[in-house]
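Structure at a glance
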Amino acid sequence: IFEAKRLARSSYDIVALWPNAQGEEVGRRTFDVSRTNVGTVEGTVVLALRDLSFNVVDRQGRPVAGARVSVSPNLVREQDIQLRPDSIFTILRVPDGRTYDFTVEWTSPYGTTARAAVRDTPAGLQSRGSIVIPVDDVTLTVVDFDGRPVAGAAIKFGGQQVGSTDSQGVVIIGQVPLDNEYQIEVSKDGTTIGGDRVRFTASRTSATIQAGIYDIAVIVKGAAGQPIQGATVELQRGGATIATAATDASGTAVFSKVIGADYTVKATYEQFSKTANVAKGTRSATLVLDLYTILFGVPMTLATFLALIIGLILLVIVVVVIVSEYIRWRGRRLGIYPAAPPKK
């Protein structure tokens, strides 16, 4: 209700400005004060103000909760921008008939912000029904050095734990602001096994992270270079055995999908054993045992084997000498060999 008193007879304009005296003209009415209506002027001024509502959605059309909206030129009262519980924005009493820049911002849990701006009239935005901001899901795939998926790897994305990879080595992170870089860390069993810094855009919403997981092949040989089958190989870390395997016909034992770290490998066969340190990232190691050969089921070193050969040779010589002397003695007894002539 607007009231003006003691007006002189004349023509007057009632002009409505919004949202304050320095704002936009949103209504006008002209009236005359004459002899017949002095002191009584009544009527209605219709203001060109419109309420509008819309929601903020990501690229898949899902509502984005907690967004902020600003309008330029700013002809809207702050208290008239309201966010309903269903994530729909309502802006009350917007001066109609002109074009505005409606800007939406949303900050993610990862510390990045998505922005979108729409230039339209209030009626046009009401017809649109929504503003789409550059937010989408991103897919991370974690593989080992051989390209195999790594299951159960914990993912830290933008400083936030977002879950673990599935059986295919995949984790999907929902509603990520695009056109931003994110630090990605991959860990398993409490050990960091990989990471990268990736920029996701509208054309790139997936990334593959190579984790420090690989196979370690341990080859066990004898002193003669021969493969040792059936040797027991232990994979140790921090003094504790975390896996064991037996060598095959080629003398090889394989530890599959090992988390990259410093290890010690130990090979044992009968009384023979050997250890070696395997630095992080090393995928193979060769252990040479003192075992030279196995003779009659008895494992031997080179020294033992040579001693046995020498012993056998000496034994043969002794046997030959004994047999020879026996034959000569027996021949003399039978008269086959004449006795030696007496010495003069």
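See above for the structure.
Here the structure is a predicted model, which means the values were calculated and not measured.

Attention now goes to the overall build of the protein chain. Across its full length, the protein chain carries two helices and 25 strands. Taken against the 2.2 N^0.38 rule, which gives 20 Å for 344 residues, the C-alpha radius of gyration of the protein chain at 46 Å runs more than 25% over that of a compact globule. Along the longest, intermediate and shortest principal axes, the C-alpha atoms of the protein chain span 190 × 30 × 25 Å. Taking all 344 residues of the protein chain together, 33% fall into the buried category.

Judged by pairing direction, the sheet is antiparallel, and its four strands sit side by side in the order β19-β18-β21-β22 without closing on themselves. Bordering the open sheet on either side are β19 (240–246) and β22 (272–278), each of which pairs with just one other strand. The mean inter-strand angle of the sheet, taken between neighbouring strand axes irrespective of direction, is 20°. In the sheet, strand β18 (residues 232–237) pairs with strand β21 (residues 263–269) via five bridges, with the strands oriented antiparallel. From the neighbouring strand, Thr232 faces β21, where its bridge partner is Thr268.

In this section: the sheet that holds strand β15 (residues 191–200). Sheet architecture is open: four strands sit in the order β12-β11-β14-β15, paired in antiparallel fashion. If you trace the sheet from one side to the other, it starts and ends with β12 (160–164) and β15, each paired once. The average undirected angle you get between the axes of adjacent strands in this sheet is 25°. In the sheet, strand β11 (residues 154–157) pairs with strand β14 (residues 180–188) via four bridges, with the strands oriented antiparallel. Looking across to β14, one finds that Lys156 is bridged to Glu185.

Thresholds applied
Residues numbered from 1 in each chain as written. Predicted model: local features only at pLDDT ≥ 70, side-chain atom pairs only at ≥ 80, totals over all residues. Heavy atoms only, no water. Helix = DSSP H or I, 4+ residues; strand = E, 2+ residues; numbered from the N terminus. Rg over C-alpha atoms; globule rule 2.2 N^0.38 Å. Buried < 20%, exposed > 50% of the residue type's maximum accessible area, 1.4 Å probe, protein only. Pairing = 2+ DSSP bridges. Axes fitted to C-alpha atoms, helices over the stretch in contact; angles between N-to-C directions.

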